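Listed below, chain by chain, are the residues.
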Amino acid sequence: MDTQAVIDHLNEILKHEWTGVAQYSQASFIIEGLWREVYASKFEDDAKESFGHAKLIGDKIVALGGVPVAQRNEIKQSKNLSEVLEFSLAFEAKAVEMYTKALELADSNRALVVFLEDILNEEQEGVDEYTKLLRDHNSKTSQLDSSTRKSG
Ligand SMILES: [Fe+2]
């Protein structure tokens, strides 16, 4: 295993997780209207999950002899809930991609592989969940649209 390559990639992952902390927190702060009741806490939970992953990855980077980054990437934000859900799905999908690449770099280090697989599994759950939420949200929106048209 190329330890430096692993550390460098884990730092890219750490940046992504810090981005998640900020992006999901912002989404929970700014959501208004009826959906606030549902999604403010959902986004807050996702911010907490990203923080949990950031903590795991930061500790692992130090264990491997590296220095964790304290930067993040630009966040995506919107007042439009469908857009926020799309951003969230894209965020989770990128995490899956990044942890999958980390697993390739971890190579024959079984303990590191298991460590990364556990997080990868949670990222994939995020992808699955946002995929289903978007399906539900889009179908509800279209149902509302058609009932509005009927009554109008
Ligand atoms: Fe994560």
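Refer to the structure printed above.
Keep in mind the model is a prediction, meaning the values are calculated, not measured.

**Student:** Which parts of the structure should I look at to understand the environment of Thr131?
**Tutor:** With respect to the helices, strands and loops of the structure, Thr131 is situated in helix α4 (residues 110-151). For Thr131, a relative accessible area of 28% corresponds to the partly exposed category. For the pair Thr131 and Glu86, spaced 45 residues apart in sequence, the C-alpha to C-alpha distance is 8.8 Å. A distance of 2.6 Å separates the side chain of Thr131 from the backbone oxygen of Val127, its partner in a polar contact.

**Student:** It is not clear to me how the pattern of salt bridges should be interpreted in this structure. Could you clarify?
**Tutor:** Here the idea is simple: oppositely charged side chains can pair when their charged atoms come close. Scanning the entire structure with this criterion turns up 6 salt bridges. The shortest N-O distance in the salt bridge between Asp46 and Lys42 comes to 3.1 Å. On the criterion of helical spacing, the pair formed by Asp46 and Lys42 is a turn pair, its members being 4 residues apart in helix α2 (residues 36-63). The residue Asp59 makes a salt bridge to Lys55 at a minimum N-O spacing of 3.1 Å. With Asp59 and Lys55 both in helix α2 and 4 residues apart, the pair spans about one turn of that helix.

**Student:** In this structure, what is going on with the packing of aromatic side chains? I would like to understand it.
**Tutor:** Each aromatic ring pair is summarised here by two numbers: the centre-to-centre distance and the angle between the ring planes. Enumeration over the complete set of coordinates arrives at 6 aromatic pairs. The rings of Tyr24, Trp35, Tyr39, Phe43, Phe91 and Tyr130 are connected pair by pair, giving a single aromatic cluster. In this structure, Lys60 packs its charged tip against the face of Phe115, placed 4.8 Å from the ring centre.

**Student:** Honestly, the coordination of the iron ion in this entry has me stumped. Any pointers?
**Tutor:** Reference values for angles at a metal are 109.5 degrees in the four-donor tetrahedral case and 90 or 180 degrees in the six-donor octahedral case. Summarising the metal site, the iron ion is bound by the protein donors Glu17 (OE), Glu17 (OE), His53 (ND1) and Glu123 (OE), whose distances to it range over 2.0 to 2.4 Å. Geometry at the iron ion is irregular, judged from its 4 donor atoms and the angles of 55 to 138° they form at the metal. The sequence pattern formed by the donor residues of the iron ion is E-x35-H-x69-E. Of this pair, Glu17 sits in helix α1 (residues 3-30) while His53 sits in helix α2; the two residues are 36 residues apart in sequence, bridging distant segments of the chain. We note that Glu17, like His53, is buried.

**Student:** Would you take a moment to explain the packing of α1 against α2 for this structure?
**Tutor:** The description of two helices packed together rests on the angle between their axes and the distance between the axes. Packing of α1 against α2 leaves a shortest axis separation of 8 Å and a crossing angle of 160°. In terms of orientation, α1 lies roughly antiparallel with respect to α2. Handedness of the crossing formed by α1 with α2: left-handed. Grouping the constituent residues of the contact of α1 with α2 by class yields 16 nonpolar, 7 polar and 5 charged.

**Student:** For this particular structure, what's the right way to read the packing of α1 against helix α3 (residues 81-106)?
**Tutor:** Following both chains from N to C, one finds α1 and α3 inclined at 165°, their axes separated by 10 Å at the closest point. In terms of their interaxial angle, α1 and α3 are classed as roughly antiparallel. Relative to α3, α1 is oriented so that their crossing is left-handed.

**Student:** Could you clarify how one ought to interpret unusual backbone geometry in this entry?
**Tutor:** Across residues other than glycine, the phi torsion is negative in most instances, and most of the peptide bonds are trans. Even without glycine at this site, Asp107 takes up a positive phi of about 55°. Secondary-structure assignment places Asp107 in the loop between α3 and α4.

How each quantity is defined
- Residues numbered from 1 in each chain as written.
- Predicted model: local features only at pLDDT ≥ 70, side-chain atom pairs only at ≥ 80, totals over all residues.
- Heavy atoms only, no water.
- Helix = DSSP H or I, 4+ residues; strand = E, 2+ residues; numbered from the N terminus.
- Buried < 20%, exposed > 50% of the residue type's maximum accessible area, 1.4 Å probe, protein only.
- Polar contact = N/O pair within 3.5 Å; in protein donor to acceptor, adjacent residues only side chain to side chain.
- Salt bridge = Lys/Arg side-chain N within 4 Å of Asp/Glu carboxyl O.
- Phe/Tyr/Trp six-rings, centres within 6.5 Å; stacked < 30°, edge-to-face > 60°.
- Lys NZ or Arg CZ within 6 Å of the ring centre and 35° of its normal.
- Donors = N, O, S within 2.8 Å, 3.2 Å for Na, K, Ca; no water.
- Tetrahedral: all angles 85-135°; square planar, octahedral: opposite > 155°, others 65-115°.
- Axes fitted to C-alpha atoms, helices over the stretch in contact; angles between N-to-C directions.
- Parallel < 35°, antiparallel > 145°, perpendicular 65-115°, else oblique.
- Left-handed = near helix turned anticlockwise from the far one by under 90°.
- Nonpolar A, V, L, I, M, F, W, Y, C, P; charged D, E, K, R; others polar.

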